Amino acid sequence: MKILSPSILSADFANLGADVKKAVEAGAQWVHIDVMDGMFVPQISFGNPVITALRPVTDAVFDVHLMIEDPGRYVEDFAKMGADIITVHAEACTHLDRVIQQIKACGKKPAVAINPATPLSVLDYVLDDLYMVLVMTVNPGFGGQSYIPYCSKKVRELKAIIKERNLETLIQVDGGINMKTIDEARDAGVDVFVAGSAVFVGDIEANAKALLERIQ
Ligand code: DX5
Ligand code: ZN
């Protein structure tokens, strides 16, 4: 099954609960939660209180994308807040294997994100441990950027590695996914599509439904 994970970064923060409900009611299976620390990426987004407030709003899977330095410091906190999947950046972890084990020890699903310029080889020894790989299709930090076309090649290569190793690891893309780019990502073999502005700018229900139709 192909999954839509709307990124709340582009939602109306004054009406966050209502916006998330609309996306989920339209069929989005996950909610993508972008945590930014102003260090790993330029912006500061939100943290603990916002996620805690949002947790009772929906039963949808909370897909937490940590764009923060040394994320191991906060894995337990995010697990307690109700994250289901915790994604850390390979570039932000000095001890990537340790952080993956920490996420598993909390009973959560571990995922690793790689920036556009980061090669797949950083995953060679940890791939078997991962629930999902997030192939960033923009440089992280902001919503509304353009899809970087060479990332499709990376998705195809990763798909082939996953197949060759007989794994069930999901491939997620994040950044610049919209009605113009989603077909290319789907054809490259993506399982989970993050979309921020393409869902939350305009008619949320219609946007989510249109994107879901393209991936099913
Ligand atoms: C970017 C974030 C994304 C962002 C995507 O650093 O990780 O999740 O919200 O936004 P769009 O879909 O508008 O490119
Ligand atoms: Zn994200």
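Here, the structure is the one placed above.
Just so you know, these numbers come straight off a predicted model, no measurement behind them.

J.: Is there a simple way to think about the overall build of the chain in this case?
T.: A tally of helices and strands in the chain yields 8 helices and 8 strands. Its C-alpha radius of gyration of 16 Å places the chain within 12% of the 17 Å reference for a compact globule of 216 residues. With respect to the three principal axes, the spread of C-alpha positions in the chain is 40 × 35 × 30 Å. Here the chain holds 216 residues, and the buried ones make up 54% of them.

J.: What's the story with the pattern of salt bridges in this structure? I'm lost.
T.: Two side chains bearing opposite charge may form a pair once their charged atoms approach each other closely. By the definition in use, this model includes 9 salt bridges. Note that Asp84 is salt-bridged to Arg55, the shortest N-O span being 3.2 Å. In this pair, Asp84 is assigned in the loop between helix 3 (75-81) and strand 4 (85-89) and Arg55 in the loop between helix 2 (48-54) and strand 3 (61-67), connecting sequence segments 29 residues apart. Residue Lys153 pairs with Glu157 through a salt bridge whose shortest N-O separation is 3.1 Å. Taken as a pair, Lys153 and Glu157 lie in helix 5 (residues 151-164) at a separation of 4 residues, close to a single helical turn.

J.: What exactly am I supposed to notice about the site of ligand 1 here?
T.: In the vicinity of ligand 1 there are 19 residues, among which Ser7, Asp34, Gly141, Asp174 and Ser197 approach most closely. The contact in question runs from an oxygen atom of ligand 1 to an N or O atom on the backbone of Gly144, over 2.8 Å. Here an oxygen atom of ligand 1 and a side-chain polar atom of Ser197 are 2.5 Å apart. When the free accessible area of ligand 1 is taken as 380 Å², the share hidden by the protein chains comes to 99%. Most atoms of ligand 1, that is more than half of them, are within 2 Å of grid points of the largest pocket. If you list the elements that add at least two residues to the shell around ligand 1, you get strand 2 (30-36), strand 3 and strand 8 (192-195). The greatest single-element share of the shell around ligand 1, amounting to 3 residues, is contributed by strand 2. For the shell around ligand 1, the per-class residue count stands at 7 nonpolar, 10 polar and 2 charged.

J.: Help me out: how do you make sense of unusual backbone geometry in this one?
T.: Note on backbone geometry: most residues besides glycine have negative phi, and most peptide bonds are trans. At Asp70, a residue that is not glycine, the phi angle is positive and equals roughly 50°. Inspection of the secondary structure assignment puts Asp70 in the loop between strand 3 and helix 3. Positive phi outside glycine occurs at Asn166, with the angle close to 65°. You can see Asn166 is positioned in the loop between helix 5 and strand 7 (170-174).

J.: So what exactly am I meant to see when it comes to the coordination of the zinc ion (ligand 2) here?
T.: In an ideal octahedron of six donors the angles at the metal are 90 or 180 degrees, and in an ideal tetrahedron of four donors they are 109.5 degrees. For the zinc ion (ligand 2), the protein coordination sphere consists of His32 (NE2), Asp34 (OD), His65 (ND1) and Asp174 (OD), at 2.0 to 2.3 Å. If you look at the zinc ion (ligand 2), its 6 donor atoms make angles of 69 to 170° with each other, and the shape they trace is octahedral. Counting along the primary sequence, the residues that act as donors to the zinc ion (ligand 2) give the motif H-x1-D-x30-H-x108-D. In this pair, Asp34 is assigned in strand 2 and His65 in strand 3, connecting sequence segments 31 residues apart.

J.: Which parts of the structure should I look at to understand the environment of Phe78?
T.: By the secondary structure assignment, Phe78 is in helix 3. Sequence separation between Phe78 and Asp128 is 50 residues; the distance between their C-alpha atoms is 23 Å. When residues no more than four places from it in sequence are discounted, the contact partners of Phe78 are Val35, Ile51, Val64, Leu66, Ala83 and Ile86.

J.: Just to check I follow, could you spell out the pairing of strand 4 for this structure?
T.: Regular strands place their side chains on alternate faces of the sheet. Most of strand 4 sits out of view: 5 of its 5 residues are buried. Of the two faces of strand 4, the one holding Ile85, Thr87 and His89 and the one holding Ile86 and Val88 are both buried throughout. Relative to strand 4, strand 3 runs parallel, the two sharing 4 bridges. From the neighbouring strand, Val64 faces strand 4, where its bridge partner is Ile86. Between the parallel elements strand 3 and strand 4, the chain passes through helix 3 in a crossover that is right-handed. As judged from the 5 bridges shared by strand 4 and strand 5 (residues 109-114), these two strands associate in the parallel manner. Residue pairing for strand 5: Thr87 is matched across the bridge by Ala111.

Definitions and limits used
- Residues numbered from 1 in each chain as written.
- Chains lettered and ligands numbered in written order.
- Predicted model: local features only at pLDDT ≥ 70, side-chain atom pairs only at ≥ 80, totals over all residues.
- Heavy atoms only, no water.
- Helix = DSSP H or I, 4+ residues; strand = E, 2+ residues; numbered from the N terminus.
- Rg over C-alpha atoms; globule rule 2.2 N^0.38 Å.
- Buried < 20%, exposed > 50% of the residue type's maximum accessible area, 1.4 Å probe, protein only.
- Salt bridge = Lys/Arg side-chain N within 4 Å of Asp/Glu carboxyl O.
- Near = heavy atom within 4 Å.
- Polar contact = N/O pair within 3.5 Å; in protein donor to acceptor, adjacent residues only side chain to side chain.
- Areas by Shrake-Rupley, 256 points an atom, 1.4 Å probe, with all protein chains shown as cover.
- 1 Å grid on protein atoms, 1.4 Å probe; cavity = no way out; pocket = protein on both sides within 12 Å on 5 of 7 lines; lining within 4 Å.
- Sits in = over half its atoms within 2 Å of the grid points.
- Nonpolar A, V, L, I, M, F, W, Y, C, P; charged D, E, K, R; others polar.
- Donors = N, O, S within 2.8 Å, 3.2 Å for Na, K, Ca; no water.
- Tetrahedral: all angles 85-135°; square planar, octahedral: opposite > 155°, others 65-115°.
- Contact = heavy atoms within 4.5 Å.
- Pairing = 2+ DSSP bridges.
- Right-handed = clockwise from strand over helix to strand, strands pointing away.

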